[in-house]
Amino acid sequence: MIKSIFKSENILQLINKAIEGHKRFPLTLLCAFAVSVLSIIIAETDQESSTNLSKALVTFALAVPLFFSMEILNERKWIPKWLTLSAALLFLLLYYFLNDITVRFNEEDHFIIRTLVLGLVFHLGVSITPFLKKAQTKQFWHYNQTLFLSILTAALYSITIYAGLSLALLAVDKLFDLHINSDLYLYLFFGVAFYINTNIFVNYIPSLTEIDNQDYFPKGLKTFTIYILLPLVAIYLVILLSYEAKIIFQWTLPKGWVSNLVLASGVFGILAFLLLFPIQNKTTWVKKFNKVFYWLMLPLVALMLVAIYVRLNQYGFTEARYFVLLLGIWLLGISLYFIISKKDNIKAVPLSLMIIGIISIYGPISAFNVSYINQSKRLNAVLTKHTLLENGKFVENKNLDLSEKEIDKTYAAIEYLSENNLETFEQYLDATQYKELTKAQKYQRASKVEKWLSLPKKTKKHTPLINIYQDLNGFHKTYNADFAIPFYLNSNKVQGKSDKHDIKYLLEKKADTQIHFELNDEVFDFDLKALQATGFEQTEENLTFVQESNNWKVTMVITQYYEYSDTESNIDGKVYLKKK
């Protein structure tokens, strides 16, 4: 059997298949290789000097689906090859040079959101590009079914290859005492996940001519859709319709979380419809299901839009709420389309998602622009109404009396703008205050602005009064410890034991800044009152607390400290233990 596996003709066949894949999709595979290499380099590079490398990595990652779309489109010979590839290359160059990964004040959220949405748009482009000019909906379905199965196949093969090679490395390491660097497992993962996986995927994509001539429906896909996907959709629909009946009967506002469930049911339902598309006219109940599903989605989408409207009215726009609203509107539009349309062109699904994806990250009604304008207006309205501005600058109002709704509006606006559009406050602050604000840690800025405005204390959880955060991964320290215990303390205890180290431990928050730590029969009480001091400087040293006994050296490192009120706080961190 082993001899047959390693027969020369089998190896040659494998090599030839790989060569054919590289000839057919050279730029796609080149970019996938670059992603693997850059991932390995970045893993060995410190965070401060890896910014440009990270931006290059993201650009090459986006290039993989973009070049795949262009290279498979070229098989149609509709557009000159040089034109499609030049357009793709020009876009990637503009993306790299015009997008700043750190943006301003080290904010990277907008860059991440824009990249993720662009990635989704390019992947949707893969699904529709070769059929933009062709009306054959059935062939479009077969093409996407091929993509779907190729993705699953590539994933299965890649997982198997990585697991097998990792075990082989481990076996060689343990049996021959080679002391293999553990980083090799990570490098192997990058190579398999990006380059090898893409290789396998493209090699399982037949030519467009072959796909155009396909005319079969996989039985396995039918079984999966009918017996797994559709029952899940039915369960979601029953839950959501029952919940909608409940809130109508009780005449209460829907919970914000219901939006996620409506989106999930819509996605699963549309996916089921797409998977069953070729047999819908052959199976009566499938065709009926499609129409009934979209009629049932209308009241659920209405429920979702009411839920998101309530949150928008209370707290204003953020990128997350923008996308929920946009997807709700899209779900409403796509439901009405399939109810009204007699042709049911399934290309409308990826094409419409691509359009709203581009709209959401570029232009005047992008998520970033809408959120900024909305929150700025909400904040300015409160400042003007309660005379908190004098010559355009913040001033105290001793008789300030905000309603609960205005408190929600003000704190939400300050929190959003201080984290995402800090330059907004330059017009409201003097030079000293603004300089202090720009130097503050991202999640501490809001509390500074609230203090300067002398806003009333919060009666509910809004922005923390004190907000401290540090990334332990950036310090790369283990304090010469034998092992570490992570903890997340609100009101719960953290306790456990380690038979290997023969210990039992208990961590408990005794007061707002008091942590009680029991280690076997020894007790260590940590006082973190320094975190509440005015002008506390957030440094690694100030967030590290050490105690020693005859048996142990205990180093407590605080990673997060949130104080919401005089009696409410969260404390997260790690305890490093060194046995003497």
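Residues numbered from 1 in each chain as written. Predicted model: local features only at pLDDT ≥ 70, side-chain atom pairs only at ≥ 80, totals over all residues. Heavy atoms only, no water.

Student: Even after reading the chapter, I still don't get the overall build of the chain, so can you show me in this structure?
Tutor: Across its full length, the chain holds 18 helices and 11 strands. Scored against the burial criterion, the 580 residues of the chain give a buried share of 47%. (Helix = DSSP H or I, 4+ residues; strand = E, 2+ residues; numbered from the N terminus. Buried < 20%, exposed > 50% of the residue type's maximum accessible area, 1.4 Å probe, protein only.)

Student: What is the right way to look at the environment of Ala 163 in this model?
Tutor: Mapped onto the fold, Ala 163 is located in helix α7 (residues 137-176). Along the primary structure Ala 163 and Tyr 185 are separated by 22 residues, whereas in three dimensions their C-alpha atoms are 9.9 Å apart.

Student: Could you clarify how one ought to interpret a nonpolar patch on the surface in this entry?
Tutor: Together, Leu 89, Leu 90, Leu 93, Leu 94, Phe 97 and Leu 98 make up a nonpolar patch on the protein surface, roughly 650 Å² of accessible area in all. Here Leu 98 shows up in helix α5 (residues 81-98). (Patch = residues over 30% accessible without salt bridge, like charges linked within 9 Å, V, L, I, M, F, W, Y side chains within 5 Å. Areas by Shrake-Rupley, 256 points an atom, 1.4 Å probe, with all protein chains shown as cover. Salt bridge = Lys/Arg side-chain N within 4 Å of Asp/Glu carboxyl O.)

Student: Would you explain the packing of helix α4 (residues 51-73) against helix α6 (residues 109-128) in this entry?
Tutor: The relative placement of two packed helices is expressed as an angle between their axes plus a distance between the axes. Put simply, α4 and α6 touch, their axes get as near as 7 Å, and they point 20° apart. The angle between the axes of α4 and α6 places the two elements in the roughly parallel class. Crossing hand, α4 versus α6: left-handed. Note on element contacts: α6 touches α4 through Phe 111, Thr 115, Leu 118, Gly 119, Phe 122, His 123, Gly 125 and Val 126, opposite Lys 55, Val 58, Leu 62, Pro 65, Leu 66, Phe 68 and Ser 69. When the residues that make up the contact of α4 with α6 are grouped by side-chain class, the tally is 9 nonpolar, 5 polar and 1 charged. (Axes fitted to C-alpha atoms, helices over the stretch in contact; angles between N-to-C directions. Parallel < 35°, antiparallel > 145°, perpendicular 65-115°, else oblique. Left-handed = near helix turned anticlockwise from the far one by under 90°. Contact = heavy atoms within 4.5 Å. Nonpolar A, V, L, I, M, F, W, Y, C, P; charged D, E, K, R; others polar.)

Student: I keep staring at the nonpolar core and nothing clicks. Help me out?
Tutor: Most often, soluble globular proteins have nonpolar side chains that are buried together. The biggest cluster of nonpolar side chains holds 87 residues, and the ones touching the most others in it are Phe 68, Tyr 143, Val 262, Ile 270, Phe 293, Met 297 and Leu 331. Sorting elements by how many residues they give to this core places helix α12 (residues 284-315) first, with 12 residues. Beyond its immediate chain neighbours, meaning those up to four positions away, Tyr 143 contacts Phe 68, Ile 72, Val 126, Ser 127, Pro 130, Phe 131, Leu 208 and Ile 211. Ranked by size, the runner-up nonpolar core spans 26 residues in total, among them Val 494, Tyr 505, Phe 526 and Phe 536. (Core = buried A, V, L, I, M, F, W, Y, C linked by side-chain atoms within 4.5 Å.)

Student: Any chance you could explain the packing of aromatic side chains here in plain terms?
Tutor: Centre distance and the angle of the planes are the two values used to describe a pair of aromatic rings. In the structure shown here, the tally under the stated rule is 23 aromatic pairs. An angle of 20° between the planes, with centres 4.8 Å apart, marks the rings of Phe 25 and Phe 68 as stacked. Highlighted residues: Phe 25 in the loop between α2 (8-24) and α3 (26-43) and Phe 68 in helix α4, separated in sequence by 43 residues. A residue is classified by how much of its surface remains accessible, and Phe 25, at 0% relative accessible area, is buried. On the basis of relative accessibility, which here comes to 3%, the residue Phe 68 falls in the buried class. Their ring planes at 10° and their centres at 5.0 Å tell us that Phe 394 and Tyr 428 sit as a pair that is stacked. Placement of the pair is Phe 394 in strand β2 (residues 393-394) and Tyr 428 in the loop between α16 (404-420) and α17 (431-439), with a sequence separation of 34 residues. An identical accessibility class is assigned to Phe 394 and Tyr 428; each is buried. Among the aromatic residues, ring-to-ring pairing joins Phe 273, Phe 277, Phe 293, Tyr 294, Tyr 337 and Phe 338 into one connected group. (Phe/Tyr/Trp six-rings, centres within 6.5 Å; stacked < 30°, edge-to-face > 60°.)

Student: Please clarify how helix α13 (residues 319-340) should be interpreted in this entry.
Tutor: Residue pairs spaced three or four apart in an α-helix point in one direction, given the helix's 3.6 residues per turn. Relative to the 32 Å expected for 22 residues at 1.5 Å per residue, α13 spans 31 Å between its end C-alpha atoms, a close match to the ideal helical length. The complete set of buried residues in α13 reads Glu 319, Tyr 322, Phe 323, Val 324, Leu 326, Gly 328, Trp 330, Leu 331, Ile 334, Ser 335, Phe 338 and Ile 339. (Expected span 1.5 Å × (residues − 1).)

Student: Would you mind going over the sheet that holds strand β5 (residues 494-498) with me for this structure?
Tutor: Hydrogen bonds between backbone groups are what pair the strands of a sheet, and the pairing can be parallel or antiparallel. Ordered by their spatial adjacency, 4 strands build an open sheet running β5-β6-β7-β8, and the pairing between neighbours is antiparallel. Both edges of this open sheet fall to β5 and β8 (522-527), since each of them pairs with a single strand only. For this sheet, the mean inter-axis angle between neighbouring strands, taken without regard to orientation, is 15°. Examined bridge by bridge, strand β7 (residues 514-519) and β8 share 6 bridges and lie antiparallel to one another. Within the sheet, the bridge partner assigned to Glu 518 lies in β8 and is Val 523. (Pairing = 2+ DSSP bridges.)

Student: Please clarify how the confidence of the model for the chain should be interpreted in this entry.
Tutor: The pLDDT averaged across the chain works out to 83; a share of 88% of its residues lies at or above 70. Note that pLDDT drops below 50 for residues 460-466; the model gives that stretch 31 contacts with residues more than four away or on any other chain. (pLDDT = per-residue confidence, 0-100.)

Student: Looking at this model, I keep getting lost on unusual backbone geometry. Mind explaining?
Tutor: Excluding glycine, most residues fall at negative phi; most peptide bonds, likewise, are trans. Backbone geometry places Thr 387, a non-glycine residue, at a positive phi of 45°. On the secondary structure map, Thr 387 appears in the loop between α15 (367-385) and β1 (389-390). In this structure, Asn 520 takes a positive phi of about 55° despite not being glycine. Tracing the chain through its elements places Asn 520 in the loop between β7 and β8.

Student: Mind showing me how you'd approach the environment of Ile 358 here?
Tutor: As for its placement among the helices and strands, Ile 358 is situated in helix α14 (residues 348-361). Residue Ile 358 is classed as partly exposed on the basis of its relative accessible area of 36%. Along the primary structure Ile 358 and Arg 114 are separated by 244 residues, whereas in three dimensions their C-alpha atoms are 9.2 Å apart. Ile 358 has contacts with Leu 118 and Val 121, leaving out every residue within four places of it along the chain.

Student: Would you mind showing me how to read the pairing of β8 here?
Tutor: Taken residue by residue, a regular strand's side chains alternate between the two faces of the sheet. With burial as the criterion, only one face of β8 is covered, namely that bearing Glu 522, Phe 524 and Phe 526; the residues Val 523, Asp 525 and Asp 527 on the opposite face remain uncovered. Between β7 and β8, which follow one another and run antiparallel, lie 2 residues, and Asn 520 among them has a positive phi close to 55°.

Student: Quick question: what am I supposed to make of the environment of Lys 393 here?
Tutor: Looking at where Lys 393 falls in the secondary structure, it is placed in strand β2. Measuring from C-alpha to C-alpha, the distance between Lys 393 and Tyr 428 comes to 4.2 Å, with 35 residues separating the pair along the chain. Excluding residues that lie within four positions of it along the chain, Lys 393 makes contacts with Leu 388, Glu 426, Gln 427, Tyr 428 and Leu 429. There is a polar contact of 3.3 Å between the side chain of Lys 393 and the backbone oxygen of Gln 427. (Polar contact = N/O pair within 3.5 Å; in protein donor to acceptor, adjacent residues only side chain to side chain.)

Student: Hey, could you run me through the pattern of salt bridges in this one?
Tutor: Pairing is possible between side chains of opposite charge, provided their charged atoms come close. Evaluated as defined, the whole model comprises 5 salt bridges. Residue Asp 212 pairs with Arg 76 through a salt bridge whose shortest N-O separation is 2.8 Å. Note that Asp 212 is positioned in helix α9 (residues 208-212) and Arg 76 in the loop between α4 and α5, a separation of 136 residues in sequence. You'll find Asp 212 and Arg 76 in the same group, each marked buried.

Student: Just checking my understanding: could you explain the side chain of Ser 418 for this structure?
Tutor: Along the chain, Ser 418 turns up in helix α16. The class of Ser 418 is buried, set by a relative accessible area of 0%. Within the local environment of Ser 418, its side chain forms a polar contact with the backbone oxygen of Glu 415, the two atoms lying 3.1 Å apart.

Student: So what exactly am I meant to see when it comes to the packing of α4 against α5 here?
Tutor: Direction vectors running N to C along α4 and α5 enclose 160°, while the axes themselves pass 10 Å from each other. In terms of orientation, α4 lies roughly antiparallel with respect to α5. Taken as a pair, α4 and α5 cross one another with a handedness that is right-handed. Taking contact as the criterion, the partners of Asn 52, Lys 55, Ala 56, Val 58, Thr 59, Leu 62, Ala 63, Leu 66, Phe 67, Met 70, Glu 71 and Leu 73 in α4 are, on α5, Thr 84, Leu 85, Ala 88, Leu 89, Phe 91, Leu 92, Tyr 95 and Tyr 96.

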